[in-house]
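Tertiary structure, described
So the chains spell out like this:
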Amino acid sequence: MKVLIVGSGGREHAIAASAAKSKRVDKIYCAPGNGGISEIAECVDIAAMEFEKLADFAQEKEIDLTIIGMDDPLVGGIVDVFEERGLRVFGPRKNAAIIEGSKSFAKDLMKKYDIPTCHYETFHSPEEALLYLETVSYPVVIKADGLALGKGVLICSTPEEAEAAVGTLMLDKQFGDAGDTVVIEDFMTGREVSVLCYCDGTHIKPMTSAQDHKRAKDGDQGLNTGGMGTFSPSPFYTPEIQKFCEEKIFQPTMDAMKAEGRDFIGILFVGLMLTKEGPRVLEYNARFGDPEAQVVLPRMKNDIIDVMEACIDGTLNQVDLQFEDNAAVCVILASDGYPEKYEKGKAITGLEHFKGKDGYYVFHAGTKKTEDGIVTNGGRVLGITAKGNTLKEARANAYQAAEWVSFENKYMRSDIGKAIDEAE
Ligand code: GLY
């Protein structure tokens, strides 16, 4: 069969690598793709938001399955466009992707259906938000309602910071319309865990857990990023916690979406905070996490195409989802300066070290193929993933492999998976 993947990051490279392992797949296209994806897929120069062009391409090439990796096209309704044309597509429709596209929708859903999360209030004007901020205790979390490139969540320790955050989102409109509405919520403390779940509208099957490292610098300092590294599984996500989440969070979320007439089909990414009072939902996303996908998918034993098709066909309950009994760690190699200013176009060397090495992966994110070879083309450049029998072994392997690759201004955090030591 022929598969089209929409997106251009490390996540889409991990999805493409999984699809390439499927015996059912003869040909993979990726739009727009990147330098690394082009090694296993034919990259097509169509942007992820060009829905009609993508659907034309899928029709012309007789694509059997299109997989949407990114949040923007999902929230924008790409799945609806494909379905209207009778094309088979994996991902939630617009009316379900809103669970990621609107923070206030997600919070109202949790409140209505009694899904554990923290207290919040929603505001449509800066004056109301500022009045409310006089009554809260700090720190407090201020979130742009809409998509903001992963930068719309501001943790404020003082009233001054909170006032500035409201100004940035609602008055300066740093993220455009996404900040017209803000959600102000209590700050939760505990361990963060990401659980990505396959969903068929009725049934939900969680994958193995992972933990991301969102801040740019060691010790969880610096600005928020898309994610600087992950490990899987999380040793803090115990079987008891998993049972609680399945019964009180995952299935209730599926049921809530169904009850609202918004059947969720695709990947539901549940961002959890394991607080002293129990697990609470931090956020929902409507797609694979990046770089969570880079540690979860290499450990999945199932054929990814079978699982995705079961989601589309409503037969996920018949799938026995299985993961390897090992661990994986992903370290992101970024361009120094990310997530602010950084340079592009730097030659990348050492990629050949990964060829034929079982358990080691180099997932491309911000890279481009040129006549002179692969060069940097973004903030997050590569995701270096390695497996191990234990988390510690996987971490040592990933950091060793991170040294195989060189480019000017290469930057990585040195403490991805440090929490593993604290779990002992
Ligand atoms: N790694 C967090 C995300 O994908 O949103």
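What comes next is a walk through the structure. (Residues numbered from 1 in each chain as written. Predicted model: local features only at pLDDT ≥ 70, side-chain atom pairs only at ≥ 80, totals over all residues. Heavy atoms only, no water.)

**A word on the side chain of Asp-71**
- For Asp-71, the position within the fold is in helix 3 (residues 71-76).
- Residues in contact with Asp-71, not counting those within four places in the same chain, are Glu-100, Leu-147 and Arg-287. (Helix = DSSP H or I, 4+ residues; strand = E, 2+ residues; numbered from the N terminus. Contact = heavy atoms within 4.5 Å.)

**Focus on the site of the ligand**
- Near the ligand, the surroundings consist of Asp-212, Gly-226, Phe-269, Asn-285, Arg-287, Gly-289, Asp-290, Pro-291 and Glu-292.
- In the environment of the ligand, an oxygen atom lies 2.8 Å from a nitrogen or oxygen atom belonging to the side chain of Arg-287.
- A distance of 2.8 Å is found between a nitrogen atom of the ligand and a side-chain nitrogen or oxygen belonging to Glu-292.
- A per-class count over the shell around the ligand returns two nonpolar, three polar and four charged. (Near = heavy atom within 4 Å. Polar contact = N/O pair within 3.5 Å; in protein donor to acceptor, adjacent residues only side chain to side chain. Nonpolar A, V, L, I, M, F, W, Y, C, P; charged D, E, K, R; others polar.)

**Quick word on the environment of Pro-32**
- Tracing the chain through its elements places Pro-32 in strand 2 (residues 27-32).
- Exposure remark for Pro-32: the relative accessible area of 29% places this residue in the partly exposed category.
- For the pair Pro-32 and Asp-45, spaced 13 residues apart in sequence, the C-alpha to C-alpha distance is 5.1 Å. (Buried < 20%, exposed > 50% of the residue type's maximum accessible area, 1.4 Å probe, protein only.)

**Quick word on the side chain of Thr-225**
- With respect to the helices and strands, Thr-225 occurs in the loop between strand 14 (221-224) and strand 15 (229-232).
- Exposure remark for Thr-225: the relative accessible area of 5% places this residue in the buried category.
- Within the structure, Thr-225 has its side chain in polar contact with the backbone oxygen of Lys-214 (distance 2.6 Å).
- At 2.8 Å, the side chain of Thr-225 forms a polar contact with the backbone nitrogen of Gly-227.
- For Thr-225, the contacting residues outside a window of four places in its chain are His-213, Lys-214, Arg-215, Ala-216, Tyr-338 and Pro-339.

**Comments concerning the pairing of strand 17 (residues 278-285)**
- In terms of burial, strand 17 is largely enclosed, as eight of its eight residues are buried.
- Hairpin remark: strand 16 (residues 265-275) followed by strand 17, antiparallel, with two residues in the connecting loop. (Pairing = 2+ DSSP bridges.)

**A few points about the packing of helix 7 (residues 126-133) against helix 8 (residues 159-171)**
- Put simply, helix 7 and helix 8 touch, their axes get as near as 10 Å, and they point 165° apart. As the angle between them shows, helix 7 and helix 8 are arranged roughly antiparallel. Every pair of crossing elements has a handedness; the one defined by helix 7 and helix 8 is right-handed. Each of Pro-126, Ala-129, Leu-130 and Leu-133 in helix 7 lies in contact with helix 8, whose residues at this interface are Ala-162, Glu-163, Val-166, Met-170 and Leu-171. (Axes fitted to C-alpha atoms, helices over the stretch in contact; angles between N-to-C directions. Parallel < 35°, antiparallel > 145°, perpendicular 65-115°, else oblique. Left-handed = near helix turned anticlockwise from the far one by under 90°.)

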